[in-house]
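Commentary on secondary and tertiary structure
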Amino acid sequence: MSGHGREKDKIRGLTVPAEGPHQVQTLQEGIGFVGQIIPWNFLLLMYAWKIGPALACGNTVVLKTAEQTPLSALYVSKVELVHFQGALEHKEIGLPCSVRRGELGIGIRVLVTEAQVAFTGSTKTGEAILQSAAMSNLKPVTLELGGKSPFIVCEDANVDEAVEMAHFALFFNQGQCCASGSRTFVHESVYDEFVEKAKARALRRTVGDPFKAGIEQGPQIDSKQFEKIMRYIRSGVESGATLESGGERFGKERSRVMWRFADLLEDHNDQIAALETWDNGKPYEQAAKVEVQSWADKIHGLTIPADGLHHVQTLHEPIGVAGQIIPWNFPLLMYAWKVGPALACGNTVILKTAEQTPLSALHAGLPPGVLNVVSGYGPTAGAALASHMDVNKLAFTGSTETGKIVIQLAEKSNLKPVTLELGGKSPFIVCEDANVDEAVELAHFSLFFNQGQCCCAGSHTYVHERIYDEFVEKAKARALKRVVGDPFKAGTEQGPQIDSEKFEKILRYIRSGVDNGATLETGGERFGTGGYFIKPTVFSNVQDDMLKAQDEIFGPVQSILKFKDLDEVIRRANASNCGLAAGVFTQNIDTANTLTRALRVGTVWINCFDVFDAAIPFGGYKMSGNGREKGIYCLQNYLQVKAVVSPLKNPAWL
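Only a predicted model underlies this, so the values are computations on that prediction, with no experimental measurement involved. (Residues numbered from 1 in each chain as written. Predicted model: local features only at pLDDT ≥ 70, side-chain atom pairs only at ≥ 80, totals over all residues. Heavy atoms only, no water.)

Regarding the overall build of the chain
In terms of helices and strands, the chain carries 18 helices and 29 strands. Out of the 654 residues in the chain, the part that is buried amounts to 43%. Roughly 34200 Å² of accessible area belongs to the chain as shown, and the carbon and sulfur atoms make up 56% of that amount. (Helix = DSSP H or I, 4+ residues; strand = E, 2+ residues; numbered from the N terminus. Buried < 20%, exposed > 50% of the residue type's maximum accessible area, 1.4 Å probe, protein only. Areas by Shrake-Rupley, 256 points an atom, 1.4 Å probe, with all protein chains shown as cover.)

What follows is the structure, encoded as structure tokens:
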């Protein structure tokens with residue numbers, strides 16, 4: 001069911017402004033037990049249209065298939081037929097128990113226990129459904145019923161094109177489509193020409209075995225429908241309509257590419273994860289986690305009301321050639337965050353990998369020219385990409401210093417728009433009501449994850465003075481238990497730093513902390529005798545004016561600072577020129593709400609950290625960058641918005 005049922009992680013409530021000091025949010029909850037009745041004309045499509053959104057919203061489903069066409073729904077559901085107490089039922093084995101149950105049979109059954117009914121079929125049967133629902137528990141009913149859709153051919157039409165489109169509009173699926181263009185209105189000035197060409201096109205239509213290639217039309221669904229159609233044809237002749245031909249018995253591409261691409265990545269996940277570990281040194285178990293999501297079929301413009309007789313719409317168009325520069329600390333993750341939305345929006349990509357970690361990004365599998373990977377150094381390959389006149393957009397993740405250079409190069413060339421995800425000095429705030437053991441574990445994770453080489457690492461651990469000493473002792477004990485070693489071995493928590501340059505830089509910051517008077521609780525030196533391993537390091541009594549508290553160390557070094565009250569910690573946390581993320585650990589909802597709104601950062605994690613679901617936007621305030629990665633917001637980075645205005649003549653409504 002590619003393309004269907006992938007909305008479950010995009011169901012969002014709203015945060016709503018309200019008078020007074022209140023945080024207001026809406027929750028979108030499943031409606032409960034949903035009954036669904038689908039027709040025979042598009043059985044698999046109707047199955048997907050009904051089942052997908054109902055399950056995505058967290059409901060359970062009873063699905064009744066049409067008596068003529070039960071097989072594909074059974075197959076897709078992976079069900080086995082069993083006889084139970086004399087009735088034919090479905091035993092579901094593809095989804096968890098009680099999520100979906102199938103129903104076979106003839107007629108309508110509206111259960112009193114159902115919370116909603118969805119029906120697709122004839123208008124007459126829809127009326128019966130509504131009456132049955134009203135007489136049970138007043139369950140809401142959604143209906144998609146019959147239609148007699150007009151297809152209007154105006155006098156200025158290209159007749160050949162209009163004939164082909166009108167032919168498709170009516171004859172698609174043997175004419176068994178509720179939206180078929182069954183009434184073809186043709187302007188009198190082109191009517192005769194249209195009729196002759198429509199007749200010729202109908203005579204060319206290939207009718208026969210639907211399993212054979214090239215067949216355009218198969219049989220009608222059953223004898224009942226066949227005879228009904230023949231009666232309508234005879235009625236037309238008897239009423240004086242001219243029978244021109246027939247009347248008797250006869251003997252979404254981009255999204256699909258993205259999902260194929262995603263499938264390829266998942267199929268080769270183990271190999272790519274191994275390359276990631278070879279490149280970067282991160283534990284293999286961490287590198288092997290893959291998350292995939294597609295927005296390619298969810299990009300929509302708007303229709304906009306405007307003064308006067310005008311129809312106004314916006315088009316979201318690809319921006320063109322997107323240049324992307326990714327860092328070494330999360331090469332595969334950054335690859336996905338950058339490449340995915342750019343391709344989903346219809347752009348082509350030139351991706352420059354970090355010189356330290358080129359291997360995992362070289363695995364592609366897209367059409368030629370869509371994704372182009374360049375490996376090289378920043379001052380040469382990166383600078384060429386940023387300053388190229390034919391690159392229409394640039395996205396960069398890396399240090400704040402390099403981000404400034406990237407913007408300058410873009411401005412000096414063609415003023416290409418630039419999105420930046422830069423460095424951070426993220427505060428992790430442990431309030432006085434915290435469970436200290438849990439807070440220590442989460443603060444440890446927030447800093448030491450990925451050897452501390454994470455732009456949003458909780459490198460400022462602010463702890464309330466009442467629990468400060470206890471926290472420091474337990475943080476030291478946790479650091480001493482951290483498993484450092486071969487990243488390919490199961491159970492390893494920390495591998496080596498990326499290279500000798502970063503290794504030496506981290507050790508210089510550690511020496512600076514000791515020289516400035518901070519207390520080195522544990523670590524602070526090389527682990528082992530070879531490789532770029534550093535012992536997990538914890539400092540206490542760190543002051544805001546120390547170099548190690550001001551700069552981004554980008555290593556396994558935890559700095560624990562003391563605070564007295566919320567006003568103080570808000571002021572100190574916001575004093576940084578960065579604003580990428582923050583962590584808050586508290587059991588008090590009022591405290592959480594106060595800090596959430598006061599901290600000038602792009603992401604606030606409350607009693608959690610580093611939650612990177614593909615639907616959650618990520619980006620920074622201040623010098624931590626601009627624009628957002630992931631989720632619906634990231635699409636704005638790779639689309640141009642075009643307004644289209646056209647006059648309306650004799651509109652039925654405004």
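Digging into the nonpolar core
Of all hydrophobic cores here, the largest spans 51 residues; its most connected members are V430, C456, F471, I560 and F618. Contributing elements (two or more residues each) for this core: helix 10 (331-344), strand 15 (348-353), strand 19 (427-430), helix 13 (436-448), helix 14 (468-481) and strand 25 (581-585). With residues up to four places along the chain from it excluded, the contact list for F471 reads V430, V436, A439, V440, A443, T461, V463 and I560. Judged by nonpolar contacts, the second largest core, of 26 residues, contains L507, A549, V557 and V601. (Core = buried A, V, L, I, M, F, W, Y, C linked by side-chain atoms within 4.5 Å. Contact = heavy atoms within 4.5 Å.)

Examining the pattern of salt bridges
Within this structure, the stated rule accounts for 17 salt bridges. Here the salt bridges do not stand alone but share partners, grouping E441, R478, R482 and E493 into one network. (Salt bridge = Lys/Arg side-chain N within 4 Å of Asp/Glu carboxyl O.)

Considerations on the UniProt feature "active site" (unreviewed entry) in the chain
When the UniProt feature table is mapped to this numbering, "active site" (unreviewed entry) covers E144 and E421. Tracing the backbone through its elements, the reader meets E144 in strand 9 (residues 141-144). Position of E421 relative to the elements: it lies in strand 18 (residues 418-421). (UniProt positions renumbered as here; feature names shortened; annotations may be inferred.)

Points about the packing of helix 17 (residues 566-574) against helix 18 (residues 589-598)
Two numbers describe how helix 17 lies on helix 18: the axes approach to 11 Å, and their chain directions differ by 25°. On the basis of the axis angle, helix 17 is roughly parallel to helix 18. Crossing geometry of helix 17 relative to helix 18 is assigned as right-handed. Between helix 17 and helix 18, the residues in contact are L566, V569, I570 and N574 and T591, T594, L595 and A598, respectively. Taken together, the residues that form the contact of helix 17 with helix 18 break down as five nonpolar, three polar and no charged. (Axes fitted to C-alpha atoms, helices over the stretch in contact; angles between N-to-C directions. Parallel < 35°, antiparallel > 145°, perpendicular 65-115°, else oblique. Left-handed = near helix turned anticlockwise from the far one by under 90°. Nonpolar A, V, L, I, M, F, W, Y, C, P; charged D, E, K, R; others polar.)

Side note on helix 3 (residues 123-135)
If you check helix 3, its first and last C-alpha atoms are 19 Å apart, about what 13 residues at 1.5 Å a residue would give, namely 18 Å. The elements touched by buried residues of helix 3 are strand 3 (33-37), strand 8 (116-120) and strand 9. (Expected span 1.5 Å × (residues − 1).)

Thoughts on the sheet that holds strand 29 (residues 639-647)
The three strands lie next to each other as 12-13-29, forming an open sheet whose pairing is antiparallel. Every other strand in the sheet has two partners, leaving strand 12 (303-304) and strand 29 as the edge strands with one partner each. (Pairing = 2+ DSSP bridges.)

Overview of the environment of V601
Summarising the element assignment, V601 is placed in the loop between helix 18 and strand 26 (603-606). Overall, the relative accessible area of 9% leaves V601 in the buried class. The spatial distance from the C-alpha of V601 to the C-alpha of A573 is 9.7 Å, given a sequence separation of 28 residues. Once residues lying within four places of it in the same chain are set aside, the contact partners of V601 are G579, L580, A581, A582 and Y621.

Focus: the packing of helix 11 (residues 378-387) against helix 12 (residues 400-412)
Where helix 11 meets helix 12, the axes come as close as 7 Å, and the angle between the chain directions of the two elements is 40°. Looking at the two axes, helix 11 sits oblique to helix 12. Judged by residue contacts, A383, A386 and S387 of helix 11 engage V406, L409 and A410 from helix 12. Of the residues belonging to the contact of helix 11 with helix 12, the class tally is five nonpolar, one polar and no charged.

What about a positive patch on the surface?
Taken together, the side chains of K124, K224, K228, R231 and R234 make up a positively charged region of the molecular surface. Examining the composition of the positive patch, we find that four residues originate from one element, helix 6 (residues 223-238), more than from any other. Locating K124 in the fold gives a position in helix 3. Note on K124: relative accessible area 70%, which makes it exposed. (Patch = residues over 30% accessible without salt bridge, like charges linked within 9 Å, V, L, I, M, F, W, Y side chains within 5 Å. Lys, Arg positive; Asp, Glu negative; His and termini not counted. Charge placed at Lys NZ, Arg CZ, Asp CG, Glu CD.)

With respect to a nonpolar patch on the surface
Together, L14, V16 and V24 make up a nonpolar patch on the protein surface, roughly 220 Å² of accessible area in all. If you trace the backbone, V24 turns up in strand 2 (residues 24-25).

Regarding helix 6
Because each turn of an α-helix spans 3.6 residues, side chains separated by three or four positions end up pointing in the same direction. Taking 1.5 Å of rise per residue, 16 residues should cover 22 Å, and helix 6 covers 22 Å from first to last C-alpha, within 8% of that figure. Of the residues making up helix 6, those classed as buried are Q225, F226 and M230. Buried residues of helix 6 fall within an arc of 135° about the axis and therefore sit on the same side. Projecting away from the buried face of helix 6 at angles above 90 degrees are the exposed residues K224, Y232 and E238. G240 lies just past helix 6 and shows a positive phi near 105°. (Arc of directions from axis to C-beta.)

Points about the side chain of D499
Topologically, D499 is positioned in the loop between helix 14 and helix 15 (500-515). Here D499 is buried and forms no salt bridge, its nearest opposite-charge partner K502 lying at an N-O distance of 4.3 Å. Within the structure, the side chain of D499 is placed 3.3 Å from the backbone nitrogen of E501, a separation counted as a polar contact. Look past the residues within four positions of D499 in its chain and what remains in contact with it is Q356 and Y532. (Polar contact = N/O pair within 3.5 Å; in protein donor to acceptor, adjacent residues only side chain to side chain.)

Some thoughts on the pairing of strand 25
Most of strand 25 sits out of view: five of its five residues are buried. The two faces of strand 25 match: A581, G583 and F585 on one face and A582 and V584 on the other face are all buried. In this sheet, strand 26 lies alongside strand 25 in parallel orientation, the contact comprising four bridges. By the bridge assignment for strand 26, A581 is matched with T603. With respect to chirality, the unit in which strand 25 leads through helix 18 into the neighbouring parallel strand 26 is right-handed. (Right-handed = clockwise from strand over helix to strand, strands pointing away.)

Thoughts on the pairing of strand 22 (residues 537-540)
Regular strands show a simple pattern: their side chains alternate between the two faces of the sheet. Side chains T537 and F539 of strand 22 all project onto a buried face; the interleaved residues V538 and S540 project onto the opposite face, where all are buried too. The pairing of strand 21 (residues 519-522) with strand 22 spans three bridges and is classified as antiparallel. Its bridge partner being in strand 22, T519 is matched across the sheet by S540.

Side note on the packing of aromatic side chains
On inspection of all chains with the given rule, the structure shows 11 aromatic pairs. Residues F168 and F172 carry aromatic rings whose centres are separated by 5.3 Å and whose planes lie at 40° to one another, so their mutual orientation is tilted. For F172, a relative accessible area of 38% puts it in the partly exposed group. When the ring of F428 is compared with that of F609, the centres are 5.9 Å apart and the planes differ by 55°; the resulting orientation is tilted. Within this pair, whereas F428 is found in strand 19, its partner F609 is found in the loop between strand 26 and strand 27 (621-622), the two being separated by 181 residues in sequence. Residues F428 and F609 agree in their burial class; the two are buried. Cation over ring: K393 sits above Y638, and NZ or CZ is 5.6 Å from the ring centre. (Phe/Tyr/Trp six-rings, centres within 6.5 Å; stacked < 30°, edge-to-face > 60°. Lys NZ or Arg CZ within 6 Å of the ring centre and 35° of its normal.)

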